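Examining the three-dimensional arrangement
Residues per chain, in single letters:
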Amino acid sequence: MLICSLLPLSFAVGHATAQPYPSRPITMIVPYAAGGPTDTVARVVADAMGRDLGQRMIVENVAGAGGTIGSLRAAKSEPNGYTLILNHIGMATAPTLYPGSVDPLTSFEYIGLVADVPMTIVARRSFQPNTLKELIDYTAKQGSKITYAHAGAGTASHICGVLFASETRAQPVTVPYKGTGPAMIDLLGEQVDFMCDQTTNTTNQIKSGEIKAYAVTTAQRIPALADIPSVKEAGLGNLELSIWHGIYAPKGTPVELTRKLTSALQVALKDEAVLDRFNQLSAIVVSNEEASAAGLKAKLEAEIARWKKVLASESPK
Ligand code: ASP
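Describing the site of the ligand
Taken together, Tyr32, Pro37, Thr38, His88, Ala151, Thr155, Ala156, Ser157, Gly179, Thr180, Asp197 and Gln198 make up the full set of residues near the ligand. Between the ligand and alanine 156 there is a distance of 2.9 Å, counted from an oxygen atom to a backbone nitrogen or oxygen. Aspartate 197 is positioned such that a nitrogen or oxygen atom in its side chain is 2.8 Å from a nitrogen atom of the ligand. Relative to its unbound accessible surface of 270 Å², the ligand loses 100% to contact with the protein. When residues of the shell around the ligand are traced back to their parent elements, those giving at least two are helix 2 (37–53), helix 7 (156–167) and strand 7 (194–198). Residue composition of the shell around the ligand, by class: four nonpolar, seven polar and one charged.

Some details on the pairing of strand 8 (residues 211–216)
Counting buried positions over the six residues of strand 8 gives six, a clear majority of the element. Bridging between strand 4 (residues 108–124) and strand 8 involves five bridges; their strand directions are antiparallel. Looking across to strand 8, one finds that threonine 120 is bridged to valine 216.

Observations regarding the state of the cysteines
Inspection of the entire model under this criterion finds one disulfide. Each sulfur in the disulfide pair cysteine 160 and cysteine 196 lies 2.1 Å from the other. Disulfide cysteine 160-cysteine 196: the torsion about the S-S bond is 65°, which places it as right-handed. A residue pair is termed long-range when its members are at least 10 positions apart, and cysteine 160 in helix 7 and cysteine 196 in strand 7 qualify at 36 residues. Accessibility expressed as a relative area gives 1% for cysteine 160, which makes it buried. For cysteine 196, a relative accessible area of 2% corresponds to the buried category.

Overview of the packing of aromatic side chains
Under the definition given, this model contains seven aromatic pairs. For arginine 24, the ring lying beneath its charged end belongs to tyrosine 82, and the centroid distance is 3.8 Å.

Observations regarding the side chain of threonine 262
Positionally, threonine 262 belongs in helix 10 (residues 255–268). Beyond its immediate sequence surroundings of up to four residues, threonine 262 is in contact with Tyr110, Ile111, Ala291 and Ser292.

Thoughts on the nonpolar core
The biggest cluster of nonpolar side chains holds 97 residues, and the ones touching the most others in it are Met49, Val114, Ile121, Ile247 and Phe278. Here this core takes eleven residues from strand 4, the largest share from any one element. Setting aside its immediate chain neighbours within four residues, isoleucine 247 contacts Met28, Val45, Met49, Leu84, Ile85, Leu86, Tyr110, Ile111, Gly112, Val114, Leu265 and Leu296.

Looking at the packing of helix 4 (residues 90–97) against helix 12 (residues 293–311)
Running from amino to carboxyl end, helix 4 crosses helix 12 at an angle of 50°, the nearest separation of the two axes being 8 Å. On the basis of the axis angle, helix 4 is oblique to helix 12. Once helix 4 is placed against helix 12, the crossing between them reads as right-handed. Listed contacts from helix 12 to Met91, Ala92, Thr93, Pro95, Thr96 and Leu97 of helix 4 are Leu300, Glu303, Ile304, Trp307, Lys308 and Leu311. Taken together, the residues that form the contact of helix 4 with helix 12 break down as eight nonpolar, two polar and two charged.

Let's talk about unusual backbone geometry
What is expected of a backbone is that most residues other than glycine have negative phi and most peptide bonds are trans. With an omega of -5°, the peptide bond running from tyrosine 21 to proline 22 counts as cis. Its place among the elements puts proline 22 in the loop between helix 1 (2–17) and strand 1 (26–30). The phi dihedral of alanine 65 falls on the positive side, at around 50°, and the residue is not glycine. As for its placement among the helices and strands, alanine 65 is situated in the loop between strand 2 (57–61) and helix 3 (68–76).

Structural notes on the environment of isoleucine 247
When you line up the elements, isoleucine 247 lands in strand 9 (residues 242–250). A sequence separation of 93 residues divides isoleucine 247 from glycine 154, and the C-alpha atoms of the two residues are 18 Å apart.

Overview of the environment of valine 30
Note on placement: valine 30 falls in strand 1. Residue classification places valine 30 among the buried positions, given a relative accessible area of 0%. Once the C-alpha coordinates of valine 30 and leucine 269 are considered, the two residues, 239 residues apart in sequence, prove to be 18 Å apart. Apart from the residues lying within four places of it in its own chain, the contact partners of valine 30 are Thr38, Asp39, Ala42, Val59, Glu60, Asn61, Val62 and Leu86.

Rules used throughout
- Residues numbered from 1 in each chain as written.
- Predicted model: local features only at pLDDT ≥ 70, side-chain atom pairs only at ≥ 80, totals over all residues.
- Heavy atoms only, no water.
- Near = heavy atom within 4 Å.
- Polar contact = N/O pair within 3.5 Å; in protein donor to acceptor, adjacent residues only side chain to side chain.
- Areas by Shrake-Rupley, 256 points an atom, 1.4 Å probe, with all protein chains shown as cover.
- Helix = DSSP H or I, 4+ residues; strand = E, 2+ residues; numbered from the N terminus.
- Nonpolar A, V, L, I, M, F, W, Y, C, P; charged D, E, K, R; others polar.
- Buried < 20%, exposed > 50% of the residue type's maximum accessible area, 1.4 Å probe, protein only.
- Pairing = 2+ DSSP bridges.
- Disulfide = S-S within 2.5 Å.
- Phe/Tyr/Trp six-rings, centres within 6.5 Å; stacked < 30°, edge-to-face > 60°.
- Lys NZ or Arg CZ within 6 Å of the ring centre and 35° of its normal.
- Contact = heavy atoms within 4.5 Å.
- Core = buried A, V, L, I, M, F, W, Y, C linked by side-chain atoms within 4.5 Å.
- Axes fitted to C-alpha atoms, helices over the stretch in contact; angles between N-to-C directions.
- Parallel < 35°, antiparallel > 145°, perpendicular 65-115°, else oblique.
- Left-handed = near helix turned anticlockwise from the far one by under 90°.

Right under this line is the structure:
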């Protein structure tokens, strides 16, 4: 008799507390320092996704070990739709460089791809070389007397440096940061010599003349930086590199929630403010098919295989 009278009550309590998703702010982890290019992409998208979902999406920078610390944090978070991670190509280089750490293929659910961003080879204002050809000659001669900034092994700036070194005879001292936001501050202050970084972090500084730019890592020039040669025309075609970005949720996040997040991502990528901002920074938004779980999964699998071959002999530095 007692049990019968309690059952309806517990059902009633269960229904009263079931909240529609999302009922509180969502955290989007960025595994690099604030103020850098991945952070910029994440903040633009998080803002627009939050508007669509009716809840704020808060970016949290969990930087270190080339993005691995942030990936670990995201992978271990409650799979309840309130913690996501936005990472770039580094998600695909990590299995080769940090074996035994997070396996992105088994640790996450996929929300979707976001945008592709070209890179630029840049240097401090008074660094001697003025063209890519001069940079190649100079770096070959100077050996370890010059410094190259990057965001940690496996990051976009690191793999761009690896490709540059394998195409030239450059052997600079590499200076790892927790992201290229802080690396850019040191480049502006002329504390380091050169780096390769996404246009989402270099466009304004190139345009204002605060740093030098030698090339964009594309086959063709890009409209926002029309004076800068492409790596292809400057004779380093093997350095073509486009940095893709994806959003992931911890493994086990219910599919109703990941679908809702994918739909918010697709809405965000049609938002005028997002398109304008990305356009200024030369970020190219992906199609609806790519901004999906299947789109991200396919990209990640292909890129893990690609970077395994390229980075097999690299160890984190
Ligand atoms: N641009 C960095 C990289 O080299 C990461 C960042 O700070 O966003 O991957």
